[in-house]
Amino acid sequence: MLEYAVPGTRCAGCDILLMSDAHTYVEVALPLPIYRTFTYAVDRAFEHPLVPGARVLVPVRRRQAVGICVKVDVAPVPGRTYKSIVAVPDPVPALPRSLLDTCSWIARHYAAPSGIVLRSALPALLTGAATPVPRQRVRRILVLEAEWPSLMERDRVFRRAPRQRQVFELLESLGGRVPVDHLVDRLQVSAGVVDALIARGAARIEQDVVARTPMADRRRLQHPEHRPTAAQRAAIDAIVAGSPGDVFLLRGVTGSGKTLVYLDVLRDIVLARGRSAIVLVPEIALTPQTVDRFRSVFGDLVAVLHSALGDGERWDEWRALRDGRKRIAVGARSALFAPLDDVGVVVVDEEHEASYKQAETPRYHARDAAVVRSRAAGGVAVLGSATPSLESWTRARDGTYRLLELPERVGGGRLPVVHVIDRRQPDDGKQPPADAFRRLIAEPLERGIQDRLARREQSLLLLNRRGYASFLLCSACGDVASCPHCNISLTYHRTPERLACHYCSYQEAPRRQCARCGAATIRERGFGTQQVERVLGERFPAARIARMDVDTTSAKSAHADILDRVAAGDVDVLLGTQMIAKGLDFPNVTLVGVVDADVGINLPDFRASERTFQLLAQVAGRAGRGPKGGNVYIQTRHPGHHAVRCAITHDVPGFLDEELEQRNAPPYPPLVRLANVLISGTAETAVADLAQACATWLGGLLARYPDVRTTVVGPAPCHVDRIKDRWRWHLLLKSASDRSLTRVITYLVTRFPVPPRQGLRVSVDRDPVTLL
């Protein structure tokens, strides 16, 4: 219980608010889509400390809600009455100070409601007033209670209960403590025998709390001894000696041992200095491999956080981090919000990946927020990539970040040889090949796969397109099966057979006749991973083929199961979308094939070339990571495109410089700051009118404040102008400075009047990774 003191004072040495009979006031952020906080009175002392970052239960109209205290000792407005805080449910703050500061920055920078941002930082089980904290999972343990050391005593006690004596002696041989479920399920001991031992006073039951650890069932690897190369040692020493707030861009070729650098840095910062760390990976698919490597060094100090965890698993991992029992959080984007104190380093692996950008409010970029989190905690940030983003590359070149390089593969390994297969059809009057396999896989790539199968080596094939066929077309009238809720064609899936929309998940049965003309002339057009899987199976019937895409990895732990099979040598050919292109390390993969490098290269998006180059360079890096070397085959119709040319020669600086030159006119990031303003609603005309009104309103605003140095581009319909029955227009805001753009978007979301009809909405995506 807190002591009483003068109103508004704090406990010496901390930020805990001390109370007396007079009211004091605190500022609370509520998970509501509004851009303000609320002031509440504190009219009594609470059992738990009321500090910034603490959860509080407060009245909101006729209900109660959970908010986060963001400020204490707030000055009230004279004459206004305030509702009082109902409860402070937690013995320690849910959010440490550095995380609270990071969330505050996210709310300001991305013009997001602070309560929504703070809700994103909490496990789902802590966000509602009616949601209780989950019960701990407990395990019944049978514990020896009595001792009968002599055989004579045991003969007397168990004279008519030989089975009880066997269990008693088994329990004794196993150390005197055995889980009941282990005795019953594994050792075939009946529950009656267990109960009889307890009744006899020979044993008792204790309850042990069982943590729901996501990776508990995975075998812990032995970390091999490693002597850092000269380049690795230089990088490790620079990071470890870094000053608070330093940001390092670690650019290393694929296979250069960036993860080994991370491990050595964490050894110093976590083990030697006693601080904590956050390690972000771009895909849930990468989490098992990454966690295995970190657990091999740091054991049970490692926690896993990502969106695929169950609520109970996430709660247990979150609580272990908050309580200090675990000090390293590994996971995808949301691991940024790990409730760790004293964060010494935040690692962002594959920092260039678009998956670090949140698609819904709050639309934060985890890479940039990670830099803020490390600075708020007085730590350093390490951004690692073989193909850095243009933003990070530019900051490293102008000195904002410190550039560290690993120019060679570990162990003297060579980068794979890259072969380009030109898939353009010559204008010689010849028909394209009728063989379905040859239409998808050229002869050089086929020979490469066959050669690997003969040598018992593994191949990896990339096609960044799901499904069996891109769409179904009526050859009589040209009608294409489209989604009724989105302006996009339906993708044909063979297993299970259906037409599916990849935007809204709408599904329908495949059509045998055209919906428009009734003709039975439905033809498949385009191809996806399912079709490639089929033709591979037909051409190589003895090959063990695994497919890894959204359709095969929807089940829990499916990512880990597939990758474990590859690591064990139970897969000959791994086929998949972009999730197989990054971070995977399998020494027996000696061939990588890109089935169609042109997917996405011509999209109307300023990052299309950058994404293509990164994907090609990253997937090429999966080959030849062991002593056997490797080869890469890229099938393309654009062999002269700079994304393909530079991927062939592994020329990352060359691509970045050429791409940067192309961002000059018209200017795009990183040369300007950018925000995408999305206007949506259920009526097409109303959306178009509101988009034009928004552009006019912004133009008038900027004309009054010329010092803001921001321009408006648009409006125009989005590339996909209807998704989930909502019409979509957008406009761009380009600015010369971060501060100016922050001022404009904040004013927009708080002041622009949106009519309350036809579901109209205006949202802002700052630093967008795509404009589609």
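Right above here is the structure, for reference.
Report on the accompanying structure. (Residues numbered from 1 in each chain as written. Predicted model: local features only at pLDDT ≥ 70, side-chain atom pairs only at ≥ 80, totals over all residues. Heavy atoms only, no water.)

Once that is clear, we can look at helix H8 (residues 258-272). In a regular helix each residue adds 1.5 Å, so 15 residues correspond to 21 Å; H8 covers 20 Å between its end C-alpha atoms and thus fits that length. The largest bend along H8 measures about 30 degrees and falls at Leu266. A large share of H8 lies buried, amounting to eleven of its 15 residues. Among the residues making up H8, those that are buried are Lys258, Thr259, Leu260, Val261, Tyr262, Leu263, Asp264, Val265, Leu266, Ile269 and Val270. (Helix = DSSP H or I, 4+ residues; strand = E, 2+ residues; numbered from the N terminus. Expected span 1.5 Å × (residues − 1). Bend = angle between axes of the 7 residues up to and from the residue. Buried < 20%, exposed > 50% of the residue type's maximum accessible area, 1.4 Å probe, protein only.)

Turning our eyes to something else, we now look at the packing of aromatic side chains. For the coordinates displayed, the defined rule picks out eleven aromatic pairs. Measuring from ring centre to ring centre gives 6.3 Å for Phe294 and Phe298, while their planes differ by 25 degrees; the resulting arrangement is stacked. Taken as a pair, Phe294 and Phe298 lie in helix H9 (residues 287-298) at a separation of four residues, close to a single helical turn. One aromatic cluster is present, formed by Trp697, Tyr747 and Phe752 through successive ring pairs. (Phe/Tyr/Trp six-rings, centres within 6.5 Å; stacked < 30°, edge-to-face > 60°.)

In this structure the tally under the stated criterion is 48 salt bridges. With its nearest N and O atoms 2.5 Å apart, the salt bridge here joins Lys357 to Asp765. Of this pair, Lys357 sits in the loop between strand E12 (343-349) and helix H11 (366-376) while Asp765 sits in strand E29 (residues 761-766), and the two are 408 residues apart along the sequence. Accessibility expressed as a relative area gives 16% for Asp765, which makes it buried. When the shortest N-O distance is used, the salt bridge between Arg452 and Asp451 registers 3.5 Å. A relative accessible area of 5% places Arg452 in the buried class. (Salt bridge = Lys/Arg side-chain N within 4 Å of Asp/Glu carboxyl O.)

With that out of the way, let us pick up the sheet that holds strand E18 (residues 491-493). Strand order in the open sheet made by the three strands is E18-E19-E20, with antiparallel pairing throughout. Each end of this open sheet is capped by a strand with a single partner; those strands are E18 and strand E20 (507-508). Examined bridge by bridge, E18 and strand E19 (residues 498-500) share three bridges and lie antiparallel to one another. The partner of Thr491 across the bridge, within E19, is Ala500. (Pairing = 2+ DSSP bridges.)

Evaluation of the coordinates by the stated rule reveals five cavities of 30 Å³ or more. Every residue along the wall of the largest cavity is listed here: Ala29, Leu30, Pro31, Val66, Gly67, Ile68, Gly115, Leu118, Arg119, Leu122, Leu126 and Thr127. Going through the elements one at a time, strand E4 (63-72) and helix H2 (114-120) are the ones with two or more residues in the lining of the largest cavity. The residue makeup of the lining of the largest cavity, split by class, is eight nonpolar, three polar and one charged. (1 Å grid on protein atoms, 1.4 Å probe; cavity = no way out; pocket = protein on both sides within 12 Å on 5 of 7 lines; lining within 4 Å. Points joined across faces, edges and corners; volume = space filled by probe spheres on them. Nonpolar A, V, L, I, M, F, W, Y, C, P; charged D, E, K, R; others polar.)

This part takes up the environment of Glu47. Along the chain, the position of Glu47 falls in the loop between strand E2 (38-42) and strand E3 (55-60). When its relative accessible area of 62% is taken as the criterion, Glu47 is described as exposed. In this structure the C-alpha to C-alpha distance between Glu47 and Val58, which are eleven residues apart in sequence, comes to 16 Å.

When the terminal C-alpha atoms of helix H14 (residues 443-454) are compared, their 16 Å separation across twelve residues agrees well with the 16 Å that a helix rising 1.5 Å per residue should span. Among all positions in H14, only Leu445, Glu446, Gly448, Ile449 and Arg452 are buried. With its buried residues spanning 160 degrees around the axis, H14 presents them on a single face. Two residues or fewer after H14 comes Arg456, characterised by a positive phi angle close to 60 degrees. (Arc of directions from axis to C-beta.)

We now examine the sheet that holds strand E22 (residues 545-548). Taken in spatial order, the six strands line up as E15-E25-E24-E16-E23-E22 in an open sheet, and their pairing is parallel. Edge positions in the open sheet fall to strand E15 (417-422) and E22, since each of these has one partner strand only. Adjacent strand axes in the sheet meet at a mean angle of 15 degrees when their direction is disregarded. The sheet contact formed by E22 and strand E23 (residues 573-576) spans four bridges and is parallel. Following the sheet pairing, Arg547 is matched in E23 by Leu575. Contacting strand E16 (458-462), strand E24 (589-594) and strand E25 (631-636), helix H17 (residues 608-620) crosses the sheet at an angle of about 155 degrees to E24. (Axes fitted to C-alpha atoms, helices over the stretch in contact; angles between N-to-C directions. Contact = heavy atoms within 4.5 Å.)

Residues Leu95, Ile106, Leu280, Phe337, Leu574, Ile580 and Phe613 are the most contacted members of the largest nonpolar core, which totals 87 residues. Beyond its immediate stretch of four places on either side in the chain, Ile580 contacts Leu460, Leu461, Leu462, Met548, Leu574, Leu575 and Arg622. Listed in part, the 31 residues of the second largest apolar core include Ile239, Val279, Phe294 and Val330. (Core = buried A, V, L, I, M, F, W, Y, C linked by side-chain atoms within 4.5 Å.)

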